[in-house]
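What the coordinates show
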Amino acid sequence: MLVSAVLAYAGAMTTTQELAEGLDDLPYNVFARACPSRGTLEHVTGRWGGLILCALFEGSLRFNELRRRVDGVSEKMLSQTLHALERDGLVHREAQPTNPPRVDYELTPLGHGVAERLHAMVHFVEANMDEVLAARERYDSARA
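A brief report on the enclosed structure follows. (Residues numbered from 1 in each chain as written. Predicted model: local features only at pLDDT ≥ 70, side-chain atom pairs only at ≥ 80, totals over all residues. Heavy atoms only, no water.)

**Quick word on unusual backbone geometry**
In this structure, the amide linkage connecting asparagine 99 to the following residue, proline 100, adopts the cis form with an omega of 0°. Mapped onto the secondary structure, proline 100 falls in the loop between strand S2 (91–96) and strand S3 (102–107). (Helix = DSSP H or I, 4+ residues; strand = E, 2+ residues; numbered from the N terminus.)

**Comments concerning the nonpolar core**
In this structure, Ile52, Leu53, Leu56, Leu66, Leu82 and Val91 are the most contacted members of the largest nonpolar core, which totals 22 residues. Residue assignment for this core shows that the elements contributing at least two residues are helix H4 (49–57), helix H5 (63–69), helix H6 (75–87), S3 and helix H7 (109–127). If you tally residues by element for this core, the top one is H4, at 5 residues. Contact partners of isoleucine 52, with chain neighbours within four places excluded, come to Leu66, Val70, Leu78, Thr81, Leu82 and Leu85. (Core = buried A, V, L, I, M, F, W, Y, C linked by side-chain atoms within 4.5 Å. Buried < 20%, exposed > 50% of the residue type's maximum accessible area, 1.4 Å probe, protein only. Contact = heavy atoms within 4.5 Å.)

**Re the pattern of salt bridges**
Inspection of the entire model under this criterion finds 3 salt bridges. Across the pair arginine 69 and glutamate 58 runs a salt bridge, and its minimum N-O distance is 2.7 Å. With arginine 69 in helix H5 and glutamate 58 in the loop between H4 and strand S1 (61–62), the pair connects residues that are 11 residues apart, well separated along the chain. Between arginine 102 and aspartate 104 there is a salt bridge; the shortest N-O distance is 3.0 Å. For arginine 102, a relative accessible area of 34% gives the class partly exposed. (Salt bridge = Lys/Arg side-chain N within 4 Å of Asp/Glu carboxyl O.)

**So, the packing of aromatic side chains**
Inspection of the entire model under this criterion finds 1 aromatic pair. Directly above the aromatic system of tyrosine 139 lies the positively charged group of arginine 143, at a separation of 3.7 Å from the ring centroid. (Phe/Tyr/Trp six-rings, centres within 6.5 Å; stacked < 30°, edge-to-face > 60°. Lys NZ or Arg CZ within 6 Å of the ring centre and 35° of its normal.)

**Overview of the sheet that holds S3**
Sheets are built from strands paired through backbone hydrogen bonds, the pairs being either parallel or antiparallel. Here 3 strands make up an open sheet; going across it, the order is S1-S3-S2 and the pairing antiparallel. Edge strands, defined here as strands with exactly one partner in the open sheet, are S1 and S2. (Pairing = 2+ DSSP bridges.)

**Things to note about the packing of H4 against H6**
The geometry of H4 relative to H6 is characterised by a closest axis approach of 10 Å and an angle of 75° between their N-to-C directions. Regarding the angle of H4 to H6, the classification is roughly perpendicular. Counted together, Gly49, Ile52 and Leu53 of H4 and Leu78, Thr81, Leu82 and Leu85 of H6 form the full contact between these two elements. When grouped by side-chain class, the residues that make up the contact of H4 with H6 number 5 nonpolar, 2 polar and no charged. (Axes fitted to C-alpha atoms, helices over the stretch in contact; angles between N-to-C directions. Parallel < 35°, antiparallel > 145°, perpendicular 65-115°, else oblique. Nonpolar A, V, L, I, M, F, W, Y, C, P; charged D, E, K, R; others polar.)

**Remarks on the environment of leucine 51**
Looking at the element boundaries, leucine 51 is found in helix H4. Put simply, leucine 51 and valine 122 are 71 residues apart on the chain and 9.2 Å apart in space, counted from C-alpha to C-alpha.

Next up, the structure:
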């Protein structure tokens, strides 16, 4: 159900079969060990990447604003993740020559496209958390 919801939101394809057929036409294959798309997927779906992209989907943020918005991320991990997302062309870093220096982060058009899809997934997960929590409880009870 999650796949169909995300695909319907994306509007590009409506079934898993159409998605698989569409992937056959692409020059990259995330399932291949050496494919560079795998690294970008890891940056986007890693522990902090998706949260950072979704936070920036709401608008430009300074480093400390972003750190407060993504509760729990360390300064080091935020910095490393932002560098990776910037290198992948998903985030733009704008340093202002002020005293103290001001650095703003915002999504690039490519990053906006990724964040839009992640944002839809986040909303789907949040909207279905009661069902997820009930499933966890059933699972844990069955194995207790």
